[in-house]
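Each chain, letter by letter, is given below.
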Amino acid sequence: TPRAWPIIGNFPRARFEASHLAREDGALTVANTTNGIRTTVAIRLVDQESAAELWTVTLDNLTETSREVAVVPYLEWVLARGLDDRFHTQYARLFSEMEYVSHAHAILAWQKSTKTVGLLAADVAPAGFLTSRMDFIGRARSIWKPRILETLHFAAARDTAAHPTFDPIGSLTVHASLGPKVSRTLRFLIGSAANKALALELIAQHLKPQAPAHAPSGAARETAHRAPRIGHGEIPPGTPQPYAEYIDQGKKLLVHTPYTPRPFDHAMSNAVGHSVMVTNRGLHTSCNGNSQQNRLTPDWPDTVTREVPSEAIYLYDPER
């Protein structure tokens, strides 16, 4: 019996029960029956002016047994132009400042260059949230086998200060208790707005979030203004520490393992301004002086899909 399964998305049918799509009464509906749970998602535009969608998720327990389930939405916003990756190849992903707002049950993503706010909100209080793709996916995983659905290490759904993160995403975990033959409905709002005030207004208007059962304590309120630190993610067992070091009087960087704590880009440069960026994915790019204006080799194709690979070194262990 699968512990988790997808309802909507371009997932492989060989691994998961296919969902059925239809158009009903101005909404796109997605229906899926797996593991004794029938899930129906109705997706509607909230109005003709707002860049937002209302997702109504109905869970039907088809069994004679009580069930405890959780609904986990995963969202990657596009809040800037496609070419912005070229302008700031290494740092564009840090331009979204992520924030959890507990009274709105929402993750907000403020894109500093476009001044646009992305939003993901629920009508009931989530048990947790995530804002980093690395923490959700894990290493060598996909959205169809994410690490988070094994560890369930979501951050507690408490107010946070706005903060950057690597590869920003939005994800919530919302718990639902289903008695035998019982149905439960949850609602999510997904979209963007011109600023934070308009984003919260959209949430209040279309979701009317229910107040959490317990108000945050004084200690919790105090920590709300602290920005979470960008950490190194989960370190796999057996990873050499330190995993990288400079040798030969700083002229060489020796990386002991591909299993770095997070997909950091390592940089080396010399006195004449030549720089090389080395990622733990085996891809490199070179520049001289300003990396935006004076690149010597293209960027790697997983961030700019229209370019060819520049320099690459791969080692493959068929047993692993």
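Computed from a prediction, not measured in an experiment: that's the story for all the values here. (Residues numbered from 1 in each chain as written. Predicted model: local features only at pLDDT ≥ 70, side-chain atom pairs only at ≥ 80, totals over all residues. Heavy atoms only, no water.)

Caption draft 1: Broad picture of the overall build of the chain. A count of helices and strands for the chain gives five helices and 20 strands. Excluding contacts between residues fewer than 6 apart, the proportion of contacts in the chain whose partners are at least 24 apart in sequence is 58%. Total accessible area on the chain is roughly 18400 Å²; 54% of this is exposed by carbon and sulfur atoms. (Helix = DSSP H or I, 4+ residues; strand = E, 2+ residues; numbered from the N terminus. Contact = heavy atoms within 4.5 Å. Areas by Shrake-Rupley, 256 points an atom, 1.4 Å probe, with all protein chains shown as cover.)

Caption draft 2: Looking closely at helix 4 (residues 196-206). Regarding helix 4, the residues found buried are Ala199, Leu202, Ile203 and His206. Seen along its axis, helix 4 keeps its buried residues to an arc of 95 degrees; they face one direction. Looking at the buried positions of helix 4, the neighbouring elements they touch are strand 4 (51-61), strand 8 (106-111), strand 9 (116-122) and strand 14 (183-193). One side-chain oxygen at the N-terminal end of helix 4 lies 3.2 Å from the backbone nitrogen of Ala197; it belongs to Asn195. Phi for Lys208, located one or two positions after helix 4, is positive at around 50 degrees. (Buried < 20%, exposed > 50% of the residue type's maximum accessible area, 1.4 Å probe, protein only. Arc of directions from axis to C-beta. Polar contact = N/O pair within 3.5 Å; in protein donor to acceptor, adjacent residues only side chain to side chain.)

Caption draft 3: Region of the structure containing the sheet that holds strand 9. If you trace the nine strands from one edge of the open sheet to the other, you get 1-2-3-4-14-9-8-7-12, paired in antiparallel fashion. Bordering the open sheet on either side are strand 1 (20-24) and strand 12 (163-164), each of which pairs with just one other strand. By the bridge criterion, five bridges tie strand 1 to strand 2 (residues 27-34) in an arrangement that is antiparallel. The residue bridging His20 from the neighbouring strand is Ala31, located in strand 2. (Pairing = 2+ DSSP bridges.)

Caption draft 4: The packing of aromatic side chains, seen in detail. On inspection of all chains with the given rule, the structure shows four aromatic pairs. On the basis of an interplanar angle of 75 degrees and a centroid distance of 5.8 Å, the ring pair of Phe11 and Trp144 is categorised as edge-to-face. Taken together, the positions of Phe11 in the segment before strand 1 and Trp144 in the loop between helix 2 (133-137) and helix 3 (148-151) put the pair 133 residues apart, joining distant regions of the chain. On the accessibility criterion, Phe11 (10% relative accessible area) is buried. When the ring of Tyr74 is compared with that of Phe136, the centres are 4.6 Å apart and the planes differ by 45 degrees; the resulting orientation is tilted. Highlighted residues: Tyr74 in strand 6 (residues 74-75) and Phe136 in helix 2, separated in sequence by 62 residues. (Phe/Tyr/Trp six-rings, centres within 6.5 Å; stacked < 30°, edge-to-face > 60°.)

Caption draft 5: Spatial organisation of the pairing of strand 8. Burial runs high along strand 8: five of the six residues are buried. Relative to strand 8, strand 7 (residues 96-101) is paired through six bridges, and the arrangement is antiparallel. Residue pairing for strand 8: Val101 is matched across the bridge by Ala106. If you look at the hairpin formed by strand 7 and strand 8, you'll find four residues sitting between the two strands, and His105 has a positive phi there, around 55 degrees. In this sheet, strand 9 lies alongside strand 8 in antiparallel orientation, the contact comprising six bridges.

Caption draft 6: Quick peek at the confidence of the model for the chain. Looking at the chain as a whole, its pLDDT mean stands at 83, while 79% of the residues score no less than 70. Confidence drops under a pLDDT of 50 for residues 217-224, and excluding neighbours within four residues, the segment shows six contacts in the predicted structure. Contacts for the low-pLDDT stretch residues 301-305, under 50 throughout, to residues beyond four places or in other chains number nine contacts. (pLDDT = per-residue confidence, 0-100.)

Caption draft 7: Examining the pairing of strand 1 more closely. Judged by how many residues are buried, strand 1 sits mostly at the surface: zero of five residues are covered. Here strand 1 folds back onto strand 2 in antiparallel fashion, the turn holding two residues, of which Asp25 has a positive phi close to 50 degrees.

Caption draft 8: Quick look at unusual backbone geometry. We note that Lys115 has phi near 60 degrees; this positive angle belongs to a residue other than glycine. Relative to the assigned elements, Lys115 resides in the loop between strand 8 and strand 9. In this structure, Leu152 takes a positive phi of about 55 degrees despite not being glycine. Here Leu152 lies in the loop between helix 3 and strand 11 (155-156).

Caption draft 9: Just the environment of Tyr74, in detail. Residue classification places Tyr74 among the partly exposed residues on the basis of a relative accessible area of 23%. Sequence spacing of Tyr74 and Phe136 is 62 residues, and the spatial spacing of their C-alpha atoms is 8.9 Å. For Tyr74, the contacting residues outside a window of four places in its chain are Arg133, Phe136, Ile137, Ile143, Ile169 and Gly170. In this structure the side chain of Tyr74 is engaged in a polar contact, spanning 2.6 Å, whose partner is the side chain of Glu76. Of the polar contacts made by the side chain of Tyr74, one reaches the side chain of Arg133; its length is 3.4 Å.

Caption draft 10: Region of the structure containing the pattern of salt bridges. Tallying each qualifying case throughout the model produces eight salt bridges. Residue Arg44 pairs with Asp25 through a salt bridge whose shortest N-O separation is 3.8 Å. Of this pair, Arg44 sits in strand 3 (residues 37-45) while Asp25 sits in the loop between strand 1 and strand 2, and the two are 19 residues apart along the sequence. Classification of Arg44 by relative accessible area gives partly exposed; the value is 36%. What makes Asp25 exposed here is its relative accessible area of 69%. Across the pair Asp123 and Arg187 runs a salt bridge, and its minimum N-O distance is 3.7 Å. Residue Asp123 is found in the loop between strand 9 and strand 10 (128-132), and its partner Arg187 is found in strand 14; the two are separated by 64 residues along the sequence. The class of Asp123 is buried, set by a relative accessible area of 8%. (Salt bridge = Lys/Arg side-chain N within 4 Å of Asp/Glu carboxyl O.)

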